[in-house]
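Observations on chain architecture
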Amino acid sequence: MATVRDIRRDDLPAWRGLFRAYGAFYETAFDDAQLDHVGELLLDSASGIDVIVAEDDAGRVVGFAHFRSHPDTFSAGHDWFLDDLFVEPDTRGGGIGSALVEAVAQRARATGPAGTLRWITAQSNERAQRVYDRVARRTTWVTYEKDL
C-alpha cells in the first residue's frame, strides 16, 4: 500500500513524469515552461493549489492529487475541489486513488466546517469512475465550460 504525504521539492521530477502522463491521457501536452510554473505553484503554500503524492513501498512517487478550497455559500464552511488525480498505470487497482481522495477529504475536514469535496472526470474515464463510485456520490449536475 502507498503512503500519502505532502509533496517535496525532490519529488518534482517524478511528479513531472506523472503529470505529463495525466496530460497525455486527456490529449494535452505540457511543455517544460508549464511544468516549471505549475511545479512552483504546488510548492508555494500561498498559491491556492495544494498537492499530495502517493509513494510506494520502494519510495517511488506513483500518484498525485491537486486540490484547492474556497468559501462555500451554502454551508458557511469551505468547499473543496479535486482538480487532478492520477495514479501510475502499473500501480492501479491497489487502492491508491481511493487513498488520495480520502486524504484530501481528511484535510478538508481538519480545516473546520467543510462543505463538499467535488471533482469531475471525462465521461470516457470509466476505470476512474468505478473508483469514484465507491468513494463518493455521483451527482446529477451538468458541467459547462467557456473558453476564455
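Structure: above.
Note that this is a predicted model, so its numbers are computed, not measured. (Residues numbered from 1 in each chain as written. Predicted model: local features only at pLDDT ≥ 70, side-chain atom pairs only at ≥ 80, totals over all residues. Heavy atoms only, no water.)

**Some thoughts on helix α4 (residues 126-135)**
The line we're drawing: The rule is simple: take the accessible area with a 1.4 Å probe, protein chains only, and divide by the maximum for that residue type; under 20% is buried, over 50% is exposed, in between is partly exposed. Put simply, DSSP H or I for four residues or longer makes a helix, DSSP E for two residues or longer makes a strand, and each gets a number counted from the N terminus. In this description, one arc is meant: the one made by directions from the helix axis to the C-beta atoms. It only takes one pair of heavy atoms within 4.5 Å for two residues to be counted as in contact.
Listed as buried for α4 are A128, Q129 and Y132. Considered in projection along α4, the buried side chains sweep an arc of 100° and stay on one side of the axis. Residues of α4 that are exposed and point over 90 degrees away from its buried face: E126 and R134. Contacts from the buried residues of α4 go to β4 (78-87).

**Some words on unusual backbone geometry**
The phi dihedral of E27 is positive, around 55°, even though this residue is not glycine. In this fold, E27 is placed in the loop between α1 (12-25) and α2 (32-43).

**Digging into the sheet that holds β4**
Strands pair in a sheet through their backbones, by hydrogen bonds, and they do so in one of two ways: parallel or antiparallel. Keep this limit in mind: What makes two strands pair is DSSP finding at least two bridges between them. To obtain an axis, a line is fitted to C-alpha atoms, over the contacting stretch when the element is a helix, and the angle between two such axes runs from 0 to 180 degrees between their N-to-C directions.
The strand order across the open sheet formed by 5 strands is β1-β2-β3-β4-β5, and the pairing between neighbours is mixed. In the strand order of this sheet, the two ends are held by β1 (3-6) and β5 (114-118), each with one partner. The average angle at which neighbouring strand axes cross in this sheet is 25°, direction not considered. When β4 meets β5, the two strands line up parallel, connected through 3 bridges. Among the inter-strand pairings, H78 is bridged to a residue of β5, identified as A114.

**What to know about the pattern of salt bridges**
Where we set the bar: Only one rule defines a salt bridge in this text: a Lys or Arg side-chain nitrogen within 4 Å of an Asp or Glu carboxyl oxygen.
The tally for this structure, following the rule as stated, stands at 14 salt bridges. Across the pair D10 and R8 runs a salt bridge whose closest N-O atoms are separated by 3.3 Å. The partner of E88 in a salt bridge is R60, with the nearest N and O atoms 3.2 Å apart. Separated by 28 residues along the polypeptide, E88 in the loop between β4 and α3 (96-110) and R60 in the loop between β2 (50-55) and β3 (61-71) bring together distant segments of the chain. Overlapping salt bridges, with partners in common, bring together R16, R20, D32 and D36 in one network.

**Regarding the pairing of β2**
Taking burial as the measure, the 6 residues of β2 include 5 buried ones, the bulk of the element. Hairpin connection of β2 to β3: 5 residues between the antiparallel strands, including G59 at a positive phi of 90°.

**A short note on the packing of α1 against α2**
Which entries qualify depends on this criterion: With respect to orientation, any angle under 35 degrees is reported as roughly parallel, any angle over 145 as roughly antiparallel, any angle of 65 to 115 as roughly perpendicular, and every other angle as oblique. Two helices that cross are described as forming a left-handed crossing if the nearer one is turned anticlockwise from the farther one by less than a right angle, and a right-handed crossing if clockwise. We call Asp, Glu, Lys and Arg charged. Ala, Val, Leu, Ile, Met, Phe, Trp, Tyr, Cys and Pro are nonpolar, and the rest, Gly among them, are polar.
As a packed pair, α1 and α2 sit with axes 11 Å apart at the nearest point and diverge in direction by 120°. One finds that α1 runs oblique with respect to α2. Seen along the crossing, α1 lies across α2 with a hand that is right-handed. Seen from α1, the contacting residues are L12, W15, R16, F19 and R20; seen from α2, they are D32, L35, D36, V38, G39, L42 and L43. Its residues assigned to classes, the contact of α1 with α2 shows 7 nonpolar, 1 polar and 4 charged.

**Notes on the packing of aromatic side chains**
The condition that has to hold: Any Phe, Tyr or Trp ring, taking Trp's six-membered ring, that has another such ring centre within 6.5 Å forms a pair; planes under 30 degrees apart are called stacked, those over 60 apart edge-to-face, and the others tilted.
Summed over all chains, the structure comprises 11 aromatic pairs. Plain terms: the ring middles of W15 and F19 are 5.1 Å apart, the flat faces sit at 15° to each other, and that makes the pair stacked. One end of the pair is W15 and the other is F19, both in helix α1 and 4 residues apart, which spans about a single turn. F19 shares its class with W15; the two are buried.

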